[in-house]
Amino acid sequence: MLFNLVEQLLNALALAGLLFLVSAGLSLVFGILRVVNFAHGVFYMLGAYLGYTTVAVSGWFWPALLVVPPIVGLVGALLEASTLRFIYRRPPIYQLLLTFGFALILEESVRVLYGNTAKGIEPPPLLQGVVALGSNVYPRYRLFLVVLGLVVGGLVWLILRKTRAGLVIRAVAQNSEMADCLGADVARVRTLVFGAACALAGLGGVAAAPMTTAYLGMGIGVIVDAFVVVVIGGLGSIGGSMVGSLIVGAAQTWGAFYLPETAMVIMYAVMGAILVFRPWGLFGEEE
Amino acid sequence: MSRARAAALIAALVLAVLPWVLARHQLSLLTDLLIFGLFALSLDLIMGYTGLVSFGHAAYFGLGAYGSALVLIHFGQPVPVALLAGALLAGVVAVPVGWFSTRATGIYFAMLTLAFAQLLYTVAYKWRDLTGGSDGIAGVPKTALFWGGPSLASPRAFYFLVAACVLLSLAACYALVRSPFGRAIQAIRENERRFTSLGRDPRPFKLVVFVIAAMFAGLAGALFAPFRGFASPEVMFWVFSGQGLMMVIMGGIGTLIGPVVGAMVFILIQEILSSYTEHWMIFTGAVFVLMVIFLPGGLVGTARRLAARV
């Protein structure tokens, strides 16, 4: 019984780790660019597929974690610099639809390149198998996801709070015109943040692939969950994404365990309950 | 105004003549276009005239489709009864959703409507006994026009029903946006703070327009189910909501007729591209991107601007 509880808790944390990698970027992009990036989930999928390719080419898992995020980030940065930056003055619906168009293009391109079948990745030997927890066992790879989520969360927080680049980013988020006047290169900050957010999603995709395989539609699945996370946590808040990921991870894990038919409903019910009291999310700012 | 009336008259005449000119599959495509036109029209009410971007509008289309399918299959009532049932079901569900969602504004409103729509989608997907789960409900019959009345089973008869519904809805929406209520929602779109400071509460207005838009979307869905013969969770999926937004933007936001045109062009582009390539989604996506960047006013908005320049 006690182990059940611990197992569920770890499952929730592993799921939360993945959700955080996706939702943090989504939230960051909204906070700084005021854009809801609909293609964000597709970058997650792209990460998973590129991870598969890297593993297939090199025969190793670890390089994928290092190589794939920069590539995905570069694709994201190119998209931002070539299209999105020209329509920031328009109402938000236009940016949403532009990224919706990109989501369609990228999703279909992946289908052209990889075909319809799901691609599995073997976890590295170090993370295969199980660890003993008392008299029971738990898959190692899920523990790795917990650690990865925590480490990336900590790094993002450190960069935003303790470095000069983070300071500029936060200044642009707070008041981009004022930051511009004070000499910040706002256009470059936006491109870099967009690229970094896509890289995070790509990292999430690589990390998810050994557990879920890389498959078409995984981006669309994750983006809806990530939306729920940022709505709960508040758009633009990294801490909010972390708390939101934990709440959604917990709701899905326990929901799937105790009430399998209604797991999704529970997630939305939790979100609804939070929004009744705080329509802008737990850590978001009122519009 | 008289010019607009003349255009409307010509459009109605063309719609009346077409079924005698077109081949069977073309008529079927035209019926499809009109149904999606009605869906986009309903979305424009809330998006274009109230300034609230709903990202979950497909849910109400789907509710209408399920409501109408269930009435037709289990009770065998005439089609108009099923249409009423579908629209009412969508409207009734939209009341609590709208009540929650209109507490938020801007992007939060869009996300809330998306989340509720996904919730409704999940319910439709999981409630196997009622909705048939992922298989949906197949074999929805096209029953009679009224009790003991003529059958709507022929493509031409059903087309006329759809065309009549779309034209009446269009007229109703025009009347609505010109009414004092319509002026009020446009005032909310232009400047909500000022609206509030004039002593009016915007939320009841938003809720009412949300429910009305949901009912028109429900009507479109209620036509869709007997026309295609099925209702499935697909039509409630968020991708369809996104496509609805694209139809509105493509045709011209806040013009009513624009979204109808936009929906038709959108579906036609998909039809044509999908007959040439299996990977038409890439090209649809590219068309989206180009339209958003270069034609923000949509087809009708751009046409009007060009006409004003001449």
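Computed from a predicted structure; not experimentally measured.

## Section: the overall build of chain B
Tallying secondary structure elements over chain B gives 14 helices and two strands in all. Taken over the C-alpha trace, chain B has a radius of gyration of 19 Å; the compact-globule value for 310 residues is 19 Å, and the two agree within 12%. With the C-alpha coordinates of chain B rotated into their principal frame, the extents come out at 55 × 45 × 40 Å. Counting only residues that meet the buried cut, chain B has 48% of its 310 residues in that class. In chain B, the share of contacts with a sequence separation of at least 24, taken over all contacts with a separation of at least 6, comes to 77%.

## Some details on the interface of chain B and chain A
In many reports, interface size means the accessible area that the parts give up when they come together. Across the boundary between the two partners, chain B contributes 32 residues, which contact 35 residues of chain A. For the side of chain B that touches chain A, the element with the highest residue contribution is helix α5 (residues 106–126) of chain B, accounting for 11 residues. Its residues placed into classes, the side of chain B that touches chain A shows 22 nonpolar, eight polar and two charged.

## Focus on the packing of helix α4 (residues 92–114) of chain A against helix α13 (residues 280–294) of chain B
Here α4 of chain A crosses α13 of chain B at 160 degrees, and the two axes come no closer than 8 Å. In this view, α4 of chain A runs roughly antiparallel relative to α13 of chain B, as classed from their interaxial angle. When you trace α4 of chain A past α13 of chain B, the crossing you get is left-handed. Residue-level contacts link Y94, L97, L98, F100, G101, F102, L104, I105, E107, E108 and S109 of chain A of α4 of chain A to M281, I282, T284, G285, A286, F288, V289 and V292 of chain B of α13 of chain B. Of the residues contributing to the contact of α4 of chain A with α13 of chain B, the split by class is 13 nonpolar, four polar and two charged.

## What about the confidence of the model for chain B?
On average, chain B scores 89 in pLDDT, and the residues at 70 or more come to 100%. Interface predicted TM-score (ipTM) for the complex: 0.80; the corresponding pTM is 0.85.

## Examining the environment of E177 of chain A
Residues and elements named next belong to chain A. With respect to the helices and strands, E177 occurs in helix α7 (residues 176–181). The class of E177 is exposed, set by 9 C-beta atoms lying within 10 Å. Separated by 172 residues in the primary sequence, E177 and L5 place their C-alpha atoms 50 Å from one another.

## Thoughts on the packing of helix α2 (residues 24–47) of chain B against helix α11 (residues 238–251) of chain B
All names here are of chain B. Here α2 crosses α11 at 80 degrees, and the two axes come no closer than 9 Å. Classified by the interaxial angle, the pair formed by α2 and α11 is roughly perpendicular. Of α11, the residues touching α2 (which contributes F36, F39, A40, L43, D44 and M47) are G244, M247, V248 and G251. Classifying every residue of the contact of α2 with α11 gives seven nonpolar, two polar and one charged.

## As for unusual backbone geometry
Residue and element names in this part refer to chain A. Non-glycine residue R34 carries a positive phi angle of around 60 degrees. With respect to the element layout, R34 can be found in the loop between α1 (2–33) and α2 (40–58). Of note, the phi angle at T213 is positive, near 65 degrees, even though the residue is not glycine. Along the chain, the position of T213 falls in the loop between α8 (186–212) and α9 (218–233).

## Re helix α1 (residues 2–21) of chain B
Residues lying three or four places apart along an α-helix face the same way, a consequence of the helix completing one turn every 3.6 residues. For α1 of chain B, built from 20 residues, the straight-helix expectation of 28 Å at 1.5 Å per residue is met to within 8% by its first-to-last C-alpha distance of 28 Å. When you tally the buried positions in α1 of chain B, you get zero out of 20 residues, a small fraction of the element.

## Observations regarding the pairing of strand β1 (residues 130–133) of chain A
Bridging between β1 of chain A and strand β2 (residues 136–139) of chain A involves four bridges; their strand directions are antiparallel. By the bridge assignment for β2 of chain A, V130 of chain A is matched with P139 of chain A.

## Focus on helix α3 (residues 62–82) of chain A
Residues and elements named next belong to chain A. If you check α3, its first and last C-alpha atoms are 32 Å apart, about what 21 residues at 1.5 Å a residue would give, namely 30 Å. The largest bend in α3 is about 25 degrees, located at V68, with the proline P69 one to four residues further on. Of the residues making up α3, those classed as buried are A64, V68, P69, V72, G73, V75, G76, A77, L79 and E80. Looking at the buried residues of α3, the elements they touch are α2, α4 and α8.

## With respect to the environment of T31 of chain B
Residues and elements named next belong to chain B. Structurally, the position occupied by T31 is in helix α2. By C-beta crowding, T31 is classed as buried, having 24 other C-beta atoms within 10 Å. For the pair T31 and H74, spaced 43 residues apart in sequence, the C-alpha separation works out to 25 Å. Discounting residues that sit within four places of it in the chain, T31 has contacts with F158, Y159, V162 and F227.

## Section: the environment of V35 of chain A
All names here are of chain A. As for its placement among the helices and strands, V35 is situated in the loop between α1 and α2. The class of V35 is buried, set by 22 C-beta atoms lying within 10 Å. Separated by 56 residues in the primary sequence, V35 and P91 place their C-alpha atoms 9.9 Å from one another. Among all residues touching V35, those that are not within four sequence positions of it are V29, F30, L84 and Q95.

About the cut-offs
- Residues numbered from 1 in each chain as written.
- Chains lettered and ligands numbered in written order.
- Predicted model: local features only at pLDDT ≥ 70, side-chain atom pairs only at ≥ 80, totals over all residues.
- Helix = DSSP H or I, 4+ residues; strand = E, 2+ residues; numbered from the N terminus.
- Rg over C-alpha atoms; globule rule 2.2 N^0.38 Å.
- Buried ≥ 20, exposed ≤ 12 C-beta atoms within 10 Å, placed from the backbone.
- Contact = placed C-beta atoms within 7 Å.
- Nonpolar A, V, L, I, M, F, W, Y, C, P; charged D, E, K, R; others polar.
- Axes fitted to C-alpha atoms, helices over the stretch in contact; angles between N-to-C directions.
- Parallel < 35°, antiparallel > 145°, perpendicular 65-115°, else oblique.
- Left-handed = near helix turned anticlockwise from the far one by under 90°.
- pLDDT = per-residue confidence, 0-100.
- Expected span 1.5 Å × (residues − 1).
- Pairing = 2+ DSSP bridges.
- Bend = angle between axes of the 7 residues up to and from the residue.

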